Every structure is written in structure tokens, then in C-alpha cells.
Amino acid sequence: MGRFFPHARARRAGLGQSGEDGGNRTKASGVQVADEVCRIFYDMKVRKCSTPEEIKKRKKAVIFCLSADKKCIIVEEGKEILVGDVGVTITDPFKHFVGMLPEKDCRYALYDASFETKESRKEELMFFLWAPELAPLKSKMIYASSKDAIKKKFQGIKHECQANGPEDLNRACIAEKLGGSLIVAFEGCPV
């Protein structure tokens, strides 16, 4: 008791006692990021002057997962929200986004957050690491150790959120990440 534990930070991140994942990988996981993931990030980050049809095809949210062999971060099939779906087939994009996250496994995600301050309306990208309590320990370890690989590809992200359950993804928590008391509305709803 009272001794310094160099891997305390790893335990808080959901890693094991030793901060390693069973010896199969080094501290840096060696996981690659698929080119499609980088392209989607760039498309979400750079808002070009577009036609209304192009804007509708722009992504509002995308979920990423590890490939079956756990060696590459890829786009999870069918796990996206398009801007054109908001208000048509999806009434609450953030609630829909949260519902797309698996209850028992980890994921990474990008979300194009719309929020208002007292002075202006803004849209900014948020990066999420979803590591729910019910996820297997090995999954938590791999996702935590691979996070730097994907973050290095996502240059310029201002907001990052690690969520361990739905309670971490309520509007008040997200507003706090975006700017705290300066935020008066998130996705059109008061906070």
C-alpha cells in the first residue's frame, strides 16, 4: 500500500495489472489504420463548398472497429449516419449514434457535433473511444493501446471523449467536453 505503481495509468485505461495484453504485442500495438478511415476523416474535416446533394452524402458519424485479425482499424460496415438522413429517417442523430455502439465491445468513432454557444453556432469533430464495462478485457487492452495509431491520423481533432457506458454519452457530458458552461445547445437540444 502507498507504493508507486508505474502502470496505474494503464489500469485506469482498462488495461491489466501489467499494462500489457498478454505478451502478444508490445506497448505500441502495431495496429495499422486503413486508408478508407483516413479518407473519411479528411472528408468529414474539410467542408468544401458543395451542392445540396453532396452535403446530404457527407457523414455525420462513423464507427470504426478492428479487423477480424486485429491488425487494422477499419470502417465498421453499415455504422454511419449521413447528414442527409438527419431530420428525414433520423430525428436525433446523437441518440442514434449512441444506439449504434455495441454494448459488449469497444469501438472508435468520429462524430460531427453541432452545438451552440451564446454567441454562435458551431460544428466540430469529436473523436470517441468507446470501451464499455461489459467489453472483454482483451478488447479493451487492444483498443486502448491502438488509440494513438488512429489519433495520429486524425490531426486537428479538438475534442476527445473516452466513454465507458451510456452515462458518459449524455448531452451534458458531451457539452462539457465541447466547452462546458459556454454551450447552450447540443444537436438542437438545450443542455
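Everything below is about the structure shown above.
Bear in mind that the values here come from a model prediction, so they are computed numbers and not experimental data. (Residues numbered from 1 in each chain as written. Predicted model: local features only at pLDDT ≥ 70, side-chain atom pairs only at ≥ 80, totals over all residues. Heavy atoms only, no water.)

## Quick word on unusual backbone geometry
Reasoning step 1: In this structure, Lys-70 is a non-glycine residue whose phi angle is positive, near 65°.
Reasoning step 2: In this fold, Lys-70 is placed in the loop between β2 (59–66) and β3 (72–82).
Reasoning step 3: Phi is positive for Glu-187, close to 50°, though the residue is something other than glycine.
Reasoning step 4: Relative to the assigned elements, Glu-187 resides in the loop between β7 (183–186) and β8 (189–190).
Reasoning step 5: The class of Glu-187 is buried, set by a relative accessible area of 15%. (Helix = DSSP H or I, 4+ residues; strand = E, 2+ residues; numbered from the N terminus. Buried < 20%, exposed > 50% of the residue type's maximum accessible area, 1.4 Å probe, protein only.)

## Re the pattern of salt bridges
Two side chains with opposite charge may pair up if their charged atoms get near one another.
Reasoning step 1: In total, this model carries 14 salt bridges according to the counting rule given.
Reasoning step 2: Ionic pairing is found between Arg-58 and Glu-123, a salt bridge with its closest N-O pair at 3.6 Å. Taken as a pair, Arg-58 in the loop between α3 (52–57) and β2 and Glu-123 in strand β5 (residues 121–130) lie far apart in primary sequence, 65 residues in all.
Reasoning step 3: The salt bridge partner of Asp-105 is Arg-107, with a shortest N-O separation of 3.4 Å.
Reasoning step 4: Judged by its relative accessible area of 23%, Asp-105 falls in the partly exposed class.
Reasoning step 5: Connected through shared salt-bridge partners, Glu-36, Arg-39 and Asp-43 make up one network. (Salt bridge = Lys/Arg side-chain N within 4 Å of Asp/Glu carboxyl O.)

## Regarding the packing of aromatic side chains
Reasoning step 1: One pass over the structure, following the stated rule, counts 11 aromatic pairs.
Reasoning step 2: Ring geometry for Phe-127 versus Phe-154: centroids 5.9 Å apart, planes at 75°, classification edge-to-face. Placement of the pair is Phe-127 in strand β5 and Phe-154 in the loop between α5 (137–153) and β6 (159–163), with a sequence separation of 27 residues.
Reasoning step 3: Under the relative-accessibility criterion, Phe-154 is labelled buried at 3%.
Reasoning step 4: Three or more aromatic residues joined by ring pairs make a cluster, and in this case those are Phe-41, Phe-64, Tyr-108, Phe-127, Tyr-143 and Phe-154. (Phe/Tyr/Trp six-rings, centres within 6.5 Å; stacked < 30°, edge-to-face > 60°.)

## Observations concerning α5
Reasoning step 1: In a regular helix each residue adds 1.5 Å, so 17 residues correspond to 24 Å; α5 covers 25 Å between its end C-alpha atoms and thus fits that length.
Reasoning step 2: Of all the bends in α5, the greatest, near 40°, is centred on Ser-146.
Reasoning step 3: The set of residues buried in α5 consists of Ser-139, Lys-140, Met-141, Ile-142, Tyr-143, Ser-146, Lys-147 and Ile-150. (Expected span 1.5 Å × (residues − 1). Bend = angle between axes of the 7 residues up to and from the residue.)

## Examining the nonpolar core
A general feature of soluble globular proteins is that nonpolar side chains tend to end up buried together.
Reasoning step 1: Core analysis: the largest hydrophobic core is formed by 26 residues, its most contacted members being Val-37, Phe-64, Ile-73, Tyr-108, Ile-150 and Phe-154.
Reasoning step 2: Elements that contribute at least two residues to this core include exactly α2 (35–45), β2, β3, β4 (107–117), β5 and α5.
Reasoning step 3: Residues Ile-81, Cys-161, Ile-183 and Phe-186 belong to the second largest nonpolar core, which totals 23 residues. (Core = buried A, V, L, I, M, F, W, Y, C linked by side-chain atoms within 4.5 Å.)

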